[in-house]
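Residue strings, one per chain:
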Amino acid sequence: MDDSKDFGTPSVNSEKLVTLNIDGVDVTVPEGASLMRAASVAGVSVPKLCATDSLEPFGSCRLCLVEIEGKRGYPASCTTPAADGLVVSTQSPKLAELRKGVMELYISDHPLDCLTCATNGDCELQDMAGAVGLRDVRYGYEGENHLDSKKDESNPYFTFDPSKCIVCSRCVRACEETQGTFALTIDGRGFESKVSAGNKDFIDSECVSCGACVQACPTATLIEKSIEEHGTPDRKVKTTCAYCGVGCSFNAEMQGDKVVRMTPNKDGGANHGHSCVKGRFAWGYTTHKDRITTPMIRKSIKDPWEKVSWEKAINYAASEIKRIQKKYGFNSVGAISSSRCTNEEVYLMQKIVRAGFGNNNIDTCARVCHSPTGYGLKQTIGESAGTQNFDSVMQSDVIMIIGANPTDGHPVFASQMKRRLREGAKLIIMDPREIDLVDKTPHIKADYHLKLRPSTNVATINSIAHVIVEEGLTDQNFVKERCEDESFKIWLNFIKDSKNSPESMESETGIPADLLRKAARLFANEKNGSIYYGLGVTEHSQGSTMVMGIANLVMITGNVGREGVGINPLRGQNNVQGACDMGSFPHELPGYRHVSDLATRALFESAWNTKIYDEPGLRIPNMLDEAISGKFKSLYCEGEDIAQSDPDTQHVTHALESMECVIVQDLFLNETAMYAHVFLPGSSFLEKNGTFTNAERRISRVRKVMAPKNGYEDWEITQMLSNALGYPMNYKHASEIMDEVAQLTPTFKGVSYEKLDKLESIQWPCNDEYPEGTPTMHIDEFVRGKGKFMITEYVPTSEKVNGKFPLIMTTGRILAHYNVGAQTRRTKNNAWHDEDLIEIHPHDAEERGINERDWVGINSRSGDTVLRAKITSRVQPGVVYTTFHHPVSGANVITTDNSDWATNCPEFKVTAVQVTKVTQPSNWQSNYQKFSEKQIDHVKNGEEKVN
Ligand code: SF4
Ligand code: SF4
Ligand code: SF4
Ligand code: FES
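Residues numbered from 1 in each chain as written. Chains lettered and ligands numbered in written order. Predicted model: local features only at pLDDT ≥ 70, side-chain atom pairs only at ≥ 80, totals over all residues. Heavy atoms only, no water.

Draft legend 1. Here's a closer look at the overall build of the protein chain. Each helix and strand counted, the protein chain has 31 helices and 35 strands in total. Structurally, the protein chain occupies a C-alpha span of about 90 × 75 × 65 Å along its principal axes. Among the 947 residues that make up the protein chain, the fraction classed as buried is 63%. Once local pairs closer than 6 in sequence are excluded, the contacts in the protein chain between residues at least 24 apart make up 73%. In the structure as shown, the protein chain presents an accessible area of about 34,600 Å², 48% of it carried by carbon and sulfur atoms. Of the side-chain charges in the protein chain, 104 are positive and 125 negative, and the distance between the mean point of each set is 2 Å. (Helix = DSSP H or I, 4+ residues; strand = E, 2+ residues; numbered from the N terminus. Buried < 20%, exposed > 50% of the residue type's maximum accessible area, 1.4 Å probe, protein only. Contact = heavy atoms within 4.5 Å. Areas by Shrake-Rupley, 256 points an atom, 1.4 Å probe, with all protein chains shown as cover. Lys, Arg positive; Asp, Glu negative; His and termini not counted. Charge placed at Lys NZ, Arg CZ, Asp CG, Glu CD.)

Quick look at the structure:
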């Protein structure tokens with residue numbers, strides 16, 4: 001389908017079809033479709049202004065009038081439903097006269113500056129004036145008009161010029177229906193009516209800059225600044241957003257090799273034409289002046305960098321790896337891949353480690369986010385992935401959100417979830433903090449907010465399960481048919497114990513027992529219950545236990561295996577799912593197959609023509625510990641910034657300093673690269689081919705829209721390094737890597753670029769049984785056969801508050817920024833968030849004499865840092881909260897090396913701290929500033945020896 005075609009009104013899901021005749025053409029459409037849509041399907045285009053197929057029809061512009069045989073008047077085709085047997089005319093002398101009259105009125109209050117307007121040639125008003133044959137306007141500009149209205153340029157990415165507004169309300173409806181923010185209204189009536197962002201400039205309003213209104217606007221009233229600056233695009237290439245795990249599909253709209261606009265793709269399976277501020281607008285980092293595009297090497301981190309040719313850099317890196325392995329043993333080197341990389345890049349990273357380094361020392365950043373999801377789901381339901389697609393939420397009757405903040409972390413999916421909530425689905429939120437969905441989102445209020453103490457997730461989920469079992473709300477049939485009898489009986493015994501009752505756990509969790517009971521009943525009693533969770537589940541010492549607790553809960557309530565239900569891990573970065581799928585854990589080959597499995601090793605050994613070591617390799621924390629103890633000497637790190645993103649920064653940097661050759665492949669001199677000896681410049685998502693797999697297991701194409709500024713796609717760099725190491729790789733295109741993945745991995749067996757081009761995206765498993773993918777998993781049986789209940793004993797964390805560290809610090813993210821912020825900090829998104837703040841409850845602030853924006857020192861058992869205070873009752877007394885998007889904040893200087901018992905995922909969400917008013921930065925911050933300035937100088941002062 002041509003995704004640029006606008007059918008005028010949304011598609012309708014109806015089994016019943018109706019047939020009618022429009023301008024002599026017979027057309028059949030689902031019952032409920034509008035005449036306008038039916039006409040469009042028949043190839044007849046009806047003039048329109050206020051209608052567009054992403055929004056419900058409104059019927060205000062009166063341009064789309066039609067005549068219906070046997071009926072009086074001229075109904076609006078956008079609001080009139082198609083019906084069997086209708087005979088419709090879209091053209092007649094009377095209709096032409098009426099339409100011309102409407103257009104004349106619009107144009108008489110519109111500047112006639114088409115030739116110099118930024119959207120000349122890409123304006124629906126202009127198109128409609130042509131379509132209705134308007135040649136002159138009888139009314140002059142002498143009367144009242146809006147032509148002098150002031151332009152609002154406050155938003156960094158788009159402008160609002162009310163002089164061009166035709167008050168069609170498409171922007172207002174987009175903000176309500178598509179985004180769910182309700183930032184815009186039409187103020188006043190009649191001639192006085194105008195679009196208003198709450199009588200504020202856009203930047204000061206509730207607007208979250210998603211751009212839906214800009215996309216919906218048929219005129220140049222709301223328009224991207226990039227279009228004003230560069231003009232309209234001349235071609236477009238479909239690709240996938242490189243930010244979060246929603247995986248929105250976009251059209252990169254180009255002029256030559258320059259991106260001038262990113263517009264969400266209507267056919268995108270994850271986003272259906274919607275986007276957030278990051279994907280739509282925050283792509284400027286790809287051409288930021290900080291990008292390094294020439295390889296660099298140096299002997300010591302005290303030396304300036306030497307800019308060298310690719311050949312020299314690659315040969316130097318390979319010779320260092322070989323030297324180090326010869327001196328310290330084959331296990332002294334390893335690699336870390338990233339969820340920012342494509343599937344193909346991650347696959348090559350683990351391949352170079354296993355085949356080129358000869359060990360299994362490959363880990364990925366999922367270690368520090370969703371590794372407990374992989375472990376917990378594999379144990380209970382047999383597959384390390386979410387069970388549903390995003391659209392499934394539209395069938396949910398009750399939604400439980402645990403430790404996630406979708407409106408900030410997964411904004412496009414949040415918009416879909418908000419739509420379902422506005423339709424009446426119930427909402428339970430389990431979170432220590434009042435996220436926006438609790439009661440700060442228009443027309444949404446959580447039915448229950450279980451405001452638990454940080455670190456008591458497992459106690460809470462056990463209590464919910466206890467109530468369901470105790471009150472006889474279990475789905476007996478589901479458990480009997482779909483789950484293991486024996487594990488259920490053992491678990492039943494455990495969960496029924498009164499120690500798991502909400503009354504017993506109340507003193508631990510802080511949740512009133514009565515409230516928890518009501519929430520448990522609601523979840524169990526509604527037909528379709530779904531659970532969405534984030535890092536507030538996984539980043540705990542009991543992260544894996546909690547994931548298993550979630551699986552236990554959906555099994556006893558029968559909430560898996562159909563639409564509207566399921567376990568939905570909201571993955572943070574764009575390719576967390578894919579990075580895990582591609583075998584970038586030290587114990588697993590692609591497709592989650594253990595390295596100790598003889599048959600799996602034999603398969604890969606024969607395809608790769610090499611031996612594969614049969615012992616699991618080092619995890620990230622082990623690599624760091626072994627570096628400090630002198631055994632691990634070289635790290636190849638692509639796309640990941642462990643010096644900022646991993647816990648206990650001083651431990652990480654000490655480990656990096658202890659290595660002899662750190663190789664970083666990235667766009668910028670990130671925090672880790674400051675400790676590197678080889679810098680291999682990376683390519684941005686706009687400069688390469690590949691695929692990302694989002695939180696719904698949806699594999700989507702990343703397409704190269706411009707040549708790599710560094711000269712190579714990232715997979716090519718890994719290939720060059722492998723060849724220099726002596727393990728040959730000879731892929732000509734990223735598609736060949738995916739072909740190899742498909743050949744060796746059963747769940748990817750049917751995936752190819754050709755099929756992705758045809759289907760847009762595919763949710764794995766994709767194989768002979770499901771050649772077009774699998775939106776919902778575990779329909780008739782679990783991947784492991786019967787579901788397995790796991791004992792989820794609550795074990796309080798060892799990270800305890802005491803007199804010295806009386807508060808718990810927890811962390812999260814914010815809409816404008818992405819992870820460590822290396823990309824978004826190099827965009828205009830800083831307008832919304834230019835520093836990390838520490839949120840503190842008014843009571844705790846008052847006790848410490850802390851006022852709004854005061855500098856406060858935060859001390860933990862690991863270290864200390866200084867941030868400015870934001871006083872808010874969003875956090876509960878005893879809890880402080882911060883984000884980690886700016887390196888100088890040092891949020892991870894404070895976090896400890898406590899971690900999940902099963903996977904070593906750090907306990908980011910629980911750090912005991914003290915907070916005091918201070919007047920200067922911490923020692924760490926002062927040292928950091930000096931060190932990073934020096935490192936930037938080392939790049940500037942580096943010698944150029946490229947040839
Ligand atoms: S950019 Fe998004 S949030 Fe802002 S007004 Fe437009 S639709 Fe609403
Ligand atoms: S700003 Fe654009 S979309 Fe909004 S009412 Fe005006 S013309 Fe319509
Ligand atoms: S950041 Fe996430 S929600 Fe926003 S556009 Fe990109 S993929 Fe979509
Ligand atoms: S398009 Fe139908 S009334 Fe505006």
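Continuing now.
Draft legend 2. Quick look at the packing of aromatic side chains. One pass over the structure, following the stated rule, counts 21 aromatic pairs. Taking 6.2 Å as the distance between ring centres and 35° as the angle between the ring planes, the aromatic pair formed by Phe 748 and Trp 764 counts as tilted. Linking Phe 748 in the loop between α27 (734-744) and α28 (753-759) with Trp 764 in the loop between β28 (761-763) and β29 (807-811), this pair joins segments that are 16 residues apart in sequence. Taking relative accessible area as the criterion, Phe 748 reaches 1% and is therefore assigned buried. One aromatic cluster is present, formed by Tyr 157, Phe 158, Phe 160, Phe 202, Phe 281 and Trp 832 through successive ring pairs. (Phe/Tyr/Trp six-rings, centres within 6.5 Å; stacked < 30°, edge-to-face > 60°.)

Draft legend 3. Highlighting the site of ligand 2. The full set close to ligand 2 counts 13 residues, and Cys 165, Cys 168, Ser 169, Cys 171 and Cys 217 are the nearest of them. Here the shell around ligand 2 is built from residues that sort into nine nonpolar, three polar and one charged. (Near = heavy atom within 4 Å. Nonpolar A, V, L, I, M, F, W, Y, C, P; charged D, E, K, R; others polar.)

Draft legend 4. Structural view of the sheet that holds strand β2 (residues 25-30). The mixed open sheet is built from four strands, whose spatial order is β2-β1-β4-β3. Each having just a single partner strand, β2 and β3 (67-68) make up the two edges of the open sheet. By the bridge criterion, six bridges tie strand β1 (residues 17-22) to β2 in an arrangement that is antiparallel. Residue pairing in the sheet places Thr 19 in a bridge with Thr 28 of β2. (Pairing = 2+ DSSP bridges.)

Draft legend 5. Examining helix α17 (residues 502-509) more closely. Listed in full, the buried residues belonging to α17 are Pro 502, Met 505 and Thr 509. One face of α17 carries all of its buried residues, which in axial projection span an arc of 70°. One or two residues past the end of α17 sits Gly 510, with phi positive at roughly 80°. (Arc of directions from axis to C-beta.)

Draft legend 6. Region of interest: the pattern of salt bridges. For the structure on display, the rule yields 49 salt bridges. A salt bridge links Glu 31 to Lys 16; the shortest N-O distance between them is 3.4 Å. With a gap of 15 residues between them, Glu 31 in the loop between β2 and α1 (35-41) and Lys 16 in the segment before β1 connect regions that are remote in the sequence. Overall, Lys 16 belongs to the partly exposed group, its relative accessible area being 48%. Across the pair Lys 266 and Asp 53 runs a salt bridge, and its minimum N-O distance is 2.9 Å. Highlighted residues: Lys 266 in the loop between β11 (258-264) and α7 (277-281) and Asp 53 in the loop between α1 and β3, separated in sequence by 213 residues. Residue class for Asp 53 comes out buried when judged on its relative accessible area of 12%. (Salt bridge = Lys/Arg side-chain N within 4 Å of Asp/Glu carboxyl O.)

Draft legend 7. Just α27, in detail. Most of α27 is tucked away: eight of the eleven residues are buried. Buried within α27 are the following residues: Ala 734, Ser 735, Ile 737, Met 738, Glu 740, Val 741, Ala 742 and Leu 744. Of the surrounding secondary structure, the elements contacted by the buried residues of α27 are α9 (343-357), β22 (593-594), α22 (598-608), β26 (690-693), α26 (714-725) and α28.

Draft legend 8. The arrangement of the sheet that holds strand β27 (residues 698-702) in detail. Taken in spatial order, the three strands line up as β26-β27-β28 in an open sheet, and their pairing is antiparallel. Edge strands, defined here as strands with exactly one partner in the open sheet, are β26 and β28. Adjacent strand axes in the sheet meet at a mean angle of 30° when their direction is disregarded. Here α9 sits on the sheet in contact with β26 and β27, set at roughly 95° to β26. (Axes fitted to C-alpha atoms, helices over the stretch in contact; angles between N-to-C directions.)

Draft legend 9. Molecular detail of the pairing of strand β10 (residues 249-255). Of all seven residues in β10, six are buried; the element is thus mostly enclosed. One ladder, built from six bridges, connects strand β9 (residues 235-240) with β10; its direction is antiparallel. Paired with Thr 240 across the two strands is Ser 249, which belongs to β10. Bridge analysis of β10 against β11 gives six bridges, and the strand direction is antiparallel.

Draft legend 10. Up close: the site of ligand 1. Every residue close to ligand 1 is listed here: Phe 158, Cys 175, Leu 184, Phe 202, Cys 207, Val 208, Ser 209, Cys 210, Gly 211, Ala 212 and Cys 213. Of the residues belonging to the shell around ligand 1, the class tally is nine nonpolar, two polar and no charged.

Draft legend 11. View of unusual backbone geometry. With an omega of 0°, the peptide bond running from Trp 764 to Pro 765 counts as cis. Within the secondary structure, Pro 765 is located in the loop between β28 and β29. At His 443, a position not held by glycine, the phi torsion is positive, near 65°. Relative to the helices and strands, His 443 is located in the loop between α13 (436-439) and β18 (448-450). His 443 sits in the exposed class, given a relative accessible area of 61%. In this structure, His 778 is a non-glycine residue whose phi angle is positive, near 60°. For His 778, the position within the fold is in the loop between β28 and β29. On the basis of relative accessibility, which here comes to 4%, the residue His 778 falls in the buried class.

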